[in-house]
Structures are given as C-alpha cells and as structure tokens.
Amino acid sequence: MINTLSNQFPFKGEPINNQYARIGDYELIKTLNYGVTSKVKLGRHVTTKKEYAIKIIKPEFEARYLSTVEQEARFMEAITKENHTNIIKLIECLPKTDYVKKNGKIKKVFAMVLELAEGGDLFECLKAIGELGEDIARTYFQQLLQTIEFLHEKGIVHRDIKPDNLLLSADLTLKLADFTFASYVLSENDNYIQRETFGTSNYLAPELIANNSLTTQCLDLFSCGVILFLMVVGQPPFEKATPQDPRYKYIIKHQFSYFWKQYERGGRSFSSEFKDLINAMLCFEPTERLTIAEIKAHPWYNGKTCSIEELREEYLKKEQEFIKFQEEKSKQMEKSKEEKALKKKM
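Residues numbered from 1 in each chain as written. Predicted model: local features only at pLDDT ≥ 70, side-chain atom pairs only at ≥ 80, totals over all residues. Heavy atoms only, no water.

Asker: Mind showing me how you'd approach the overall build of the protein here?
Answerer: Counting its secondary structure elements, the protein contains 10 helices and 10 strands. Excluding contacts between residues fewer than 6 apart, the proportion of contacts in the protein whose partners are at least 24 apart in sequence is 62%. (Helix = DSSP H or I, 4+ residues; strand = E, 2+ residues; numbered from the N terminus. Contact = heavy atoms within 4.5 Å.)

This is how it looks when you write it as structure tokens:
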C-alpha cells in the first residue's frame, strides 16, 4: 500500500498553523464533498503548496468499514500505477494518521490523498449549465466508456457510477473517482458470491435493486446508460429501474414511444440514434443490453465530438443561456405572484 513517514512524523518539527486543520503534511483548506461514511477536503501540501483532494473516513465508521476502506486503497494503488488519464490517482494513503483540528484537538483517522479535479463533478456541472447536448455528452460518454472498458479488462467492476463520482479536470477531462464499492468480477463458480445492494438507486441496474445479481460488468454499463441520458436530457430517465416505476415500466414493456413522449414536449426532440442507444442500454434483461463492443459500434457513439477549445466555448455559451433562462423564469414567477396578489385585493 502507498504510504510515507508523514503519518508517523506528521509535523516534522514545524509549528502548527491554527488557521487550518491538518493531516500529515497537508493543511485542510475547505470541504469539497461529504457522504455518510467520509468527507473530502481540499488539502494543500505545507512545503510544495500543491493542492490535493483528501478523503477522510469518519472515525465512527472506520471500524465497521475498515476492510472496505483498505480494499478501496488497494484498488486505487493498483489502478494509479496504470496512469490512466480518466481515473483519479492516489497520491498516498495515510492509515491511522493524526487529524489535528484548528482547536488543537487530535484524533486518528484513515485518509487518502488524491489527485485534485479542479473542475468539480458532473452533478455540479449539470446544475450550473443544464443539459449538455448530444455532442458534448458524446465526448464525455466516450471517455467514460473507454475508462470502464479499461477497468473491465482488468477484471474490475466500479459499481457506483454516478454524477458525483465523475469529476472534471482543469482542462475539462472526465475523471472517474471513488472505488468504495469496486469489486472483481464474480461468477457462479466463485465460492463467495456477493449479492448485496449498494450505490445510488437512480443509477442501479434492475437486477441489483432486486438483490439477485452477481457482480458482473453489465451493472456498470447500465449505469453508464443512465449517465448518458442525464447528460443529454438534463434529468434522470426514471427514479428507480423497477416494474413499479411510472417511466421505467415503458422500457420493460418495450413501449419506447410512450417513454420518450414524456421528455419530448414543447418542441423538444432528440436524435433517433441517441434514443435507440438508450433503449438498448437500459433494457430490463441484462442479456438484451448492448456490450461495450456493440456500444462502440453504434452510429450515435461514432458521431461528432468536441475538442477542449470547443468544450470551453460550449460551456460558456450554455452557462450564459442557463443564467438567462433562470432569470426569465424568476421574472415570470415574480410576475405570477404579483398577479395573484392583485387578484386577492380585487
């Protein structure tokens, strides 16, 4: 496991700067994200001043999830050695290291120092500019699929592909993060077959929700289909992939025209190739879904993509459009309130 002496001798004789909390050789500037079991801080190395993302496991969960945390660190260490462009790199692992609060209190934590993605995550991006459109979405979807293909070739399934775990670098390159639920592919021949439910329900394959799935590669591909839909349409295709879901039930029944009718309103439309790819990726039966090779051969996948310069231009354009849309919406809501208030007075 990657490690340094910093967890044993964290301060190397330097005085504590009480302006920031500190872990090892890193000052903790602010919180970037947080979850049930961990939080991610912006960390700055006290000597080099270089910034990183530092994932800290909450002490109250460390004992319960220690094996999971250690497994994530092992996955990250192995994958970092491959130096893949689209996967967040592990810089160092700090097990049982001192977390010094600003008030001087110290507690032992398990932490991982990770490559920083300055562009934030896909969820924040979609909140800021709305849907991406098919060309930008295709650009990121190709990066995502190629990354998943790389992992699957190594026998690794990510199992938690969602917008929060898809980060953007300063040059807007997609970066896959968080291997908390990652696992090696399992088959019926394995002595231990994992059938637990994990991840976020909006992005889980139906067989996983039903809790009767092996850890197989088709789980990741279903999540990739949901992500692609989200990037183009601007909202999830369904709440949960079950027969009871009011939208997913149309996909189960192959009533695709009814499914798309819910999203193509007010003159809005999507290309037939995009809809065909989504229909095939989100099938209820795993055996009916496209493989990676079939997705890469699909006409939509091989359409136009954007360069870094074009991505920047499109982002600025969409951000301005989204701001204008929000302003107009706010004006309409204000006008509606005024009209209702006037009617009450009358």
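Following the structure, the description resumes.
Asker: What am I meant to see in the pairing of strand β4 (residues 51–57) here?
Answerer: Looking along a regular strand, one sees the side chains alternate between the two faces of the sheet. Of all 7 residues that make up β4, 6 are buried, and the element is covered over most of its length. As defined by bridge partners, strand β3 (residues 38–45) adjoins β4 across 7 bridges and the pair is classed as antiparallel. Paired with K41 across the two strands is I54, which belongs to β4. Between β3 and β4, which pair antiparallel one after the other, the connecting turn spans 5 residues, and K49 there sits at a positive phi close to 65 degrees. (Buried < 20%, exposed > 50% of the residue type's maximum accessible area, 1.4 Å probe, protein only. Pairing = 2+ DSSP bridges.)

Asker: For this particular structure, what's the right way to read the packing of aromatic side chains?
Answerer: Geometrically, a pair of aromatic rings is defined through the distance of the ring centres and the angle of the planes. One pass over the full model with this rule turns up 19 aromatic pairs. A ring pair is formed by F141 and W300, whose centres lie 6.3 Å apart and whose planes are at 65 degrees; its orientation type is edge-to-face. Residue F141 is found in helix α3 (residues 134–153), and its partner W300 is found in the loop between α9 (292–297) and α10 (308–345); the two are separated by 159 residues along the sequence. With relative accessibility at 0%, the residue F141 sits in the buried group. Among the aromatic residues, ring-to-ring pairing joins F141, F229, F259, W260, Y263, F270, F274, W300 and Y301 into one connected group. (Phe/Tyr/Trp six-rings, centres within 6.5 Å; stacked < 30°, edge-to-face > 60°.)

Asker: Just checking my understanding: could you explain the sheet that holds strand β6 (residues 106–114) for this structure?
Answerer: Through backbone hydrogen bonds, the strands of a sheet pair up, either in parallel or in antiparallel fashion. One closed barrel accounts for 6 strands, arranged β1-β2-β3-β4-β6-β5; its pairing is antiparallel. Put simply, the sheet's adjacent strands are angled 45 degrees from each other on average, direction ignored. With 7 bridges joining them, strand β2 (residues 26–34) and β3 adopt antiparallel strand pairing. Of the residues in β3, the one forming a bridge with T31 is K41. (Axes fitted to C-alpha atoms, helices over the stretch in contact; angles between N-to-C directions.)

Asker: What am I meant to see in the nonpolar core here?
Answerer: If you look at soluble globular proteins, the nonpolar side chains tend to sit buried side by side. Counting residues in hydrophobic clusters, the biggest one holds 80 residues, and the most contacted among them are Y140, F141 and L228. Broken down by element, this core gets its largest block of residues, 12 residues, from helix α5 (residues 218–233). F141 has contacts with C224, L228, M231, L277, M281, I295, W300 and Y301, leaving out every residue within four places of it along the chain. Core analysis: the next-biggest nonpolar cluster, separate from the first, contains 12 residues, I23, Y26, L28 and V109 among them. (Core = buried A, V, L, I, M, F, W, Y, C linked by side-chain atoms within 4.5 Å.)

Asker: I would appreciate a short explanation of the environment of K55 in the present structure.
Answerer: Note on placement: K55 falls in strand β4. If we skip the residues at most four places from it in the chain, K55 touches S38, K39, V40, E72, F110, A111, M112, L114, D178 and T180. In this structure the side chain of K55 is engaged in a polar contact, spanning 3.4 Å, whose partner is the side chain of D178. (Polar contact = N/O pair within 3.5 Å; in protein donor to acceptor, adjacent residues only side chain to side chain.)

Asker: So what exactly am I meant to see when it comes to the pattern of salt bridges here?
Answerer: Pairs can form between side chains of opposite charge whenever their charged atoms are close. Summed over the entire model, instances satisfying the criterion amount to 12 salt bridges. Its salt-bridge partner being E27, residue R44 comes within 3.3 Å of it at the nearest N-O pair. Of this pair, R44 sits in strand β3 while E27 sits in strand β2; the two residues are 17 residues apart in sequence, bridging distant segments of the chain. A salt bridge links E72 to K55, with the nearest nitrogen and oxygen atoms 3.0 Å apart. In this pair, E72 sits in helix α1 (residues 59–82) while K55 sits in strand β4, placing the two residues 17 residues apart along the sequence. Here E72 and K55 have matching classes, each one buried. In the salt-bridge network here, residues are joined through shared partners; they are K55, E72 and D178. (Salt bridge = Lys/Arg side-chain N within 4 Å of Asp/Glu carboxyl O.)

Asker: When you look at the side chain of K55 in this model, what are you seeing that I'm missing?
Answerer: Residue class for K55 comes out buried when judged on its relative accessible area of 7%. At 3.0 Å, the side chain of K55 and the side chain of T180 are in polar contact.

Asker: How should the packing of α5 against helix α8 (residues 272–281) be read in this particular structure?
Answerer: For the pair α5 and α8, the least separation of the axes is 9 Å and the interaxial angle reads 150 degrees. The angle between the axes of α5 and α8 places the two elements in the roughly antiparallel class. α8 is crossed by α5, and the crossing has left-handed handedness. Residues L221, F222, C224, G225, L228, F229, V232 and V233 of α5 form the contact with α8, whose participating residues are F274, L277, I278 and M281. Partitioned by chemical class, the residues of the contact of α5 with α8 number 11 nonpolar, 1 polar and no charged. (Parallel < 35°, antiparallel > 145°, perpendicular 65-115°, else oblique. Left-handed = near helix turned anticlockwise from the far one by under 90°. Nonpolar A, V, L, I, M, F, W, Y, C, P; charged D, E, K, R; others polar.)

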